[in-house]
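What follows is the residue order along each chain.
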Amino acid sequence: MDETFSLSLKEVKQDLVLGIVECNKRGLVQSAKWLSELNHGLSDVAVKTGVGKSFENLFAGVGAEEYDDYVLAKSYFDVREYDRCAHFTRNCASPVPKFLHMYASYMSKEKKRLDNMSDNSIVNGNSHVKDFSDLLTTLRTEHGQRKLDGYCLYLYGVILKKLDLNQMAVQIFVEAINAEPTMWGSWLELAPLVTDKAMLQNLKLPNHWMKQIFIGYTYIELFLNDEGIKIFENLQANGFGKCIFIPTQLAIAFSNKRDVDKSIEIFQHLHEMDPFRLDNLDSYSNLLFVKDMKTEMAHLAHKAVDINKYSPETCCVVGNYYSIRADHHKAVVYFQRALKLNPRYLSAWTLMGHEFMEMKNTNAAIQSYRQAVEVNRRDFRAWYGLGQAYEILKMPFYSLHYYKAAQQLRPYDSRMLVALGETYEKLEKASTALKCYQKAYNVGDIEGVALYNLARLYEKQNQIEKAIPALLRFCSNENAIADKSSLCHAYMTLGNFYEKNEQFDKASHFAYKCLDHEDTKREAEALLKTIANKRQQKTAAAASSSSAAAGTPGADPEGDSESGEGKGKASDMDLEEVEMDESNVGRMVDMVMAQDDMLVENDEPEFQQEQAAELENSTLSIIMEDGSDANE
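Residues numbered from 1 in each chain as written. Predicted model: local features only at pLDDT ≥ 70, side-chain atom pairs only at ≥ 80, totals over all residues. Heavy atoms only, no water.

Going by an unreviewed UniProt entry, the protein carries the name Anaphase-promoting complex subunit 8 and comes from Culex quinquefasciatus.

This is the structure in structure tokens:
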């Protein structure tokens, strides 16, 4: 898409007015609501209403002899008496009553299926295949005869999608969009079927202003957040700044990019603009949960209950509120209520899986995550949750499969790469695990564990010289490390390494740090004693050697750095020398990582063994060239 494009806001407004009328006539209330919100955002744009085309359109598509049947049927549809609506429009041939008949038949079947669904029913069962068979046959026949308008094509695509005939559904939705570009429902149903950017670019979509919104929305669905942000910011600059849908998508994109503060700021602004809006309120509550903002979560939950206590969004917000209070049983109850109201509510399935994991109910968690994947196969949280669940069950091959799926959806998320590395490590594929840790560090280690895991694995392979640069970099930001046991282990490893290499000042520096922790206190004390003994032996040996050379016992003309004043100077400079060493090794680890990048930048998580061997050889050569001790 061009970053700069021109459009006529008056034409957009006119399209929206006509689209609202057409959708309302056919009972497509969600599309009418979306179009109305977009129209309200363009309230500064003046168009003629009440006369002319928009007024005439109120009666277009309804035959004069069918008008009374249509008005009666539409009133039944509005109060959800779908069978009565379908009965009174069964013989209608004009476009609007004909669609209303098909849509009412579909809604009747869907409502009965959901009403009869038990708690343990799955989202995509096969029972509805038979339910929709008659309607599907009618739609297929009329499609072959080219008798379907854009709205009937939309309904045809929805049924094909429910039957998992996705390839055919994509073709039908594209036809529907070309026939009726302002029918938002068609765009919305098409978006989850787009698997990648190449497929999106190859779709034969009309050159309509709605296409820009669809592309931006789909980019965010595909986690191409930067591209999506550019499009929506461009739309804001071109007159859509007051349309509430645009900032909502920007908030979701910033959330995907882990810019939580920016996303919360946008949601707070939206809440001030439209305080009774429930759409996307679950996403807002998820962000408050991540930031541990319990007071704000409580206010949001009470506000949502006041608005509509029986909406899926409200149940999800209240479930998050109980979750942040660690009341996982009540949280599950509210997520289940949300799913009773909408069995295809993605957030509820995923969040309920998280709660079952907290309750140590792994089997129930797996079931919830599987349902989330059925609803939306691009939900990386569900794939990642499945990987964690099977990891708890000690089934690493299953974990590997699900972690790979999550990593493919979020290729630059270090959490997925670290999880893959740990799984490869359990499967004794050390070289592949090393690459995963290295790539996790390269893309920005969110949890701060990639370097530690990398060093620990090098230690297991008795390649301590490769582990030291990673450990020094890991320890360089000790205040940000939450796992103090890992930090203590890193300190002790560094202390022992420098002690063996007779760099006693550095060894003492790290040993003293371990005295603050009970787990390593005794080991650190023993190391300090060893260092003191070795220093004494070295001092005595140096003094004896110096005296023998000068012929005067006890002389020390050079001033041994390990004794007297020289020793004091060395002690004073311990920290400075270690910091200098960390700086040098930091540059060295950057060189190592840069070399690793050449091999892992374009790799998928399934790495080749030959490339792993090549990486180890190149890494070793870099370390040896940099002057570090290498015993291999």
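Here's the deal with the overall build of the protein
Along the backbone of the protein there are 34 helices and zero strands. By residue count, 50% of the 632 residues in the protein fall in the buried class. Put simply, of all contacts in the protein between residues at least 6 apart along the chain, 58% involve residues at least 24 apart. Entry remark: accessible area of the protein is about 31200 Å², with carbon and sulfur atoms responsible for 49%. (Helix = DSSP H or I, 4+ residues; strand = E, 2+ residues; numbered from the N terminus. Buried < 20%, exposed > 50% of the residue type's maximum accessible area, 1.4 Å probe, protein only. Contact = heavy atoms within 4.5 Å. Areas by Shrake-Rupley, 256 points an atom, 1.4 Å probe, with all protein chains shown as cover.)

Section: the pattern of salt bridges
Applying the stated criterion to the full structure yields 24 salt bridges. Among the salt bridges present, the one from Arg 410 reaches Asp 413, with a minimum N-O distance of 3.8 Å. Here Arg 410 matches Asp 413 in class, with each residue buried. Three or more residues joined by partner-sharing salt bridges are found here, namely Glu 22, Lys 25, Arg 26 and Asp 149. (Salt bridge = Lys/Arg side-chain N within 4 Å of Asp/Glu carboxyl O.)

Let's talk about the UniProt feature "repeat: TPR" (unreviewed entry) in the protein
Following the UniProt record, one finds the feature "repeat: TPR" (unreviewed entry) at residues 312-345 and 346-379. Strand forms 0% of residues 312-345 and helix 79%; the C-alpha atoms that close the span are 8 Å apart. Taken end to end, residues 346-379 is 79% helix and 0% strand, and its first and last C-alpha atoms sit 8 Å apart. (UniProt positions renumbered as here; feature names shortened; annotations may be inferred.)

Considerations on the packing of aromatic side chains
Counted under the stated rule, the structure contains 27 aromatic pairs. With centroids separated by 5.1 Å and ring planes inclined at 50°, the aromatic side chains of Trp 187 and Phe 214 adopt a geometry described as tilted. Within this pair, whereas Trp 187 is found in helix α11 (residues 184-190), its partner Phe 214 is found in helix α13 (residues 209-221), the two being separated by 27 residues in sequence. Trp 187 gets classed as buried once you look at its relative accessible area, which sits at 0%. (Phe/Tyr/Trp six-rings, centres within 6.5 Å; stacked < 30°, edge-to-face > 60°.)

Points about the nonpolar core
Counting residues in hydrophobic clusters, the biggest one holds 181 residues, and the most contacted among them are Ile 159, Leu 190, Ile 213, Phe 214, Phe 232 and Phe 240. Looking at this core, the element that brings in the most residues is helix α9 (residues 150-162), giving nine residues. (Core = buried A, V, L, I, M, F, W, Y, C linked by side-chain atoms within 4.5 Å.)

Structural notes on the environment of Asp 483
Following the sequence through the fold, Asp 483 ends up in the loop between α28 (464-475) and α29 (484-500). Residues Asp 483 and Gly 448, 35 residues apart in the sequence, show an inter-C-alpha distance of 9.6 Å.

Side note on the packing of α29 against helix α30 (residues 504-514)
The interhelical angle for the contact between α29 and α30, taken along N-to-C directions, is 155°, at an axis separation of 8 Å. Viewed along their axes, α29 and α30 adopt a mutual orientation that is roughly antiparallel. As α29 runs across α30, the sense of the crossing is left-handed. On α30, the residues touching Cys 488, Tyr 491, Met 492, Leu 494, Gly 495, Tyr 498 and Glu 499 of α29 are Phe 504, Lys 506, Ala 507, Phe 510, Lys 513 and Cys 514. By residue class, the composition of the contact of α29 with α30 is nine nonpolar, one polar and three charged. (Axes fitted to C-alpha atoms, helices over the stretch in contact; angles between N-to-C directions. Parallel < 35°, antiparallel > 145°, perpendicular 65-115°, else oblique. Left-handed = near helix turned anticlockwise from the far one by under 90°. Nonpolar A, V, L, I, M, F, W, Y, C, P; charged D, E, K, R; others polar.)

What to know about unusual backbone geometry
With a phi angle near 65°, Arg 258 is a residue other than glycine that sits in the positive phi range. Checked against the element boundaries, Arg 258 lands in the loop between α15 (245-256) and α16 (260-273). Not every positive phi belongs to a glycine, and Glu 502 is a case in point at roughly 55°. Looking at where Glu 502 falls in the secondary structure, it is placed in the loop between α29 and α30.

Observations concerning helix α2 (residues 29-41)
For α2, built from 13 residues, the straight-helix expectation of 18 Å at 1.5 Å per residue is met to within 8% by its first-to-last C-alpha distance of 18 Å. Residues of α2 that are buried include every one of Ser 31, Ala 32, Trp 34, Leu 35, Leu 38, Asn 39 and Gly 41, and no others. In the core, the buried residues of α2 are packed alongside α1 (9-25), α11, α13, α14 (225-240) and α15. (Expected span 1.5 Å × (residues − 1).)

Thoughts on the packing of helix α6 (residues 95-115) against helix α8 (residues 133-144)
The geometry of a pair of packed helices is captured by two quantities: the angle between their axes and the separation between those axes. Close contact between α6 and α8 brings their axes to 11 Å; oriented N to C, the two are set at 150°. The handedness of the crossing between α6 and α8 comes out as left-handed. Taken together, the residues of α8 that come into contact with α6 (itself represented by Lys 98, Met 102 and Tyr 106) are Leu 135, Thr 138, Leu 139 and Glu 142. Here the residues of the contact of α6 with α8 are counted per class, giving four nonpolar, one polar and two charged.

Considering the environment of Leu 434
With respect to the helices, strands and loops of the structure, Leu 434 is situated in helix α26 (residues 430-442). Residue class for Leu 434 comes out buried when judged on its relative accessible area of 1%.

A few points about helix α19 (residues 312-324)
Taking 1.5 Å of rise per residue, the 13 residues of α19 would be expected to cover 18 Å, and the 19 Å separating its terminal C-alpha atoms lies within 8% of that figure. In terms of burial, α19 is largely enclosed, as 13 of its 13 residues are buried. After α19 finishes, the residue Ala 326 shows a positive phi value of roughly 65°.

Some words on a nonpolar patch on the surface
A cluster of nonpolar side chains, namely Leu 58, Phe 59, Tyr 67 and Val 71, defines an oily patch on the protein surface of about 340 Å² accessible area. Position of Leu 58 among the secondary structure elements: in the loop between α3 (53-56) and α4 (67-78). (Patch = residues over 30% accessible without salt bridge, like charges linked within 9 Å, V, L, I, M, F, W, Y side chains within 5 Å.)

Focus on the side chain of Lys 466
Mapped onto the fold, Lys 466 is located in helix α28. Within polar-contact distance, the side chain of Lys 466 engages the side chain of Gln 463 at 2.9 Å. (Polar contact = N/O pair within 3.5 Å; in protein donor to acceptor, adjacent residues only side chain to side chain.)

Regarding the confidence of the model for the protein
Confidence in the prediction for the protein averages 83 pLDDT; 82% of positions are at 70 or higher. Below pLDDT 50 for its whole length, residues 592-632 participates in 68 contacts with residues either more than four positions away or in separate chains. (pLDDT = per-residue confidence, 0-100.)

Observations concerning the environment of Leu 400
When you line up the elements, Leu 400 lands in helix α24 (residues 396-409). Residue Leu 400 is classed as buried on the basis of its relative accessible area, which comes to 8%. Beyond its immediate stretch of four places on either side in the chain, Leu 400 contacts Leu 420, Thr 423, Tyr 424 and Leu 427.

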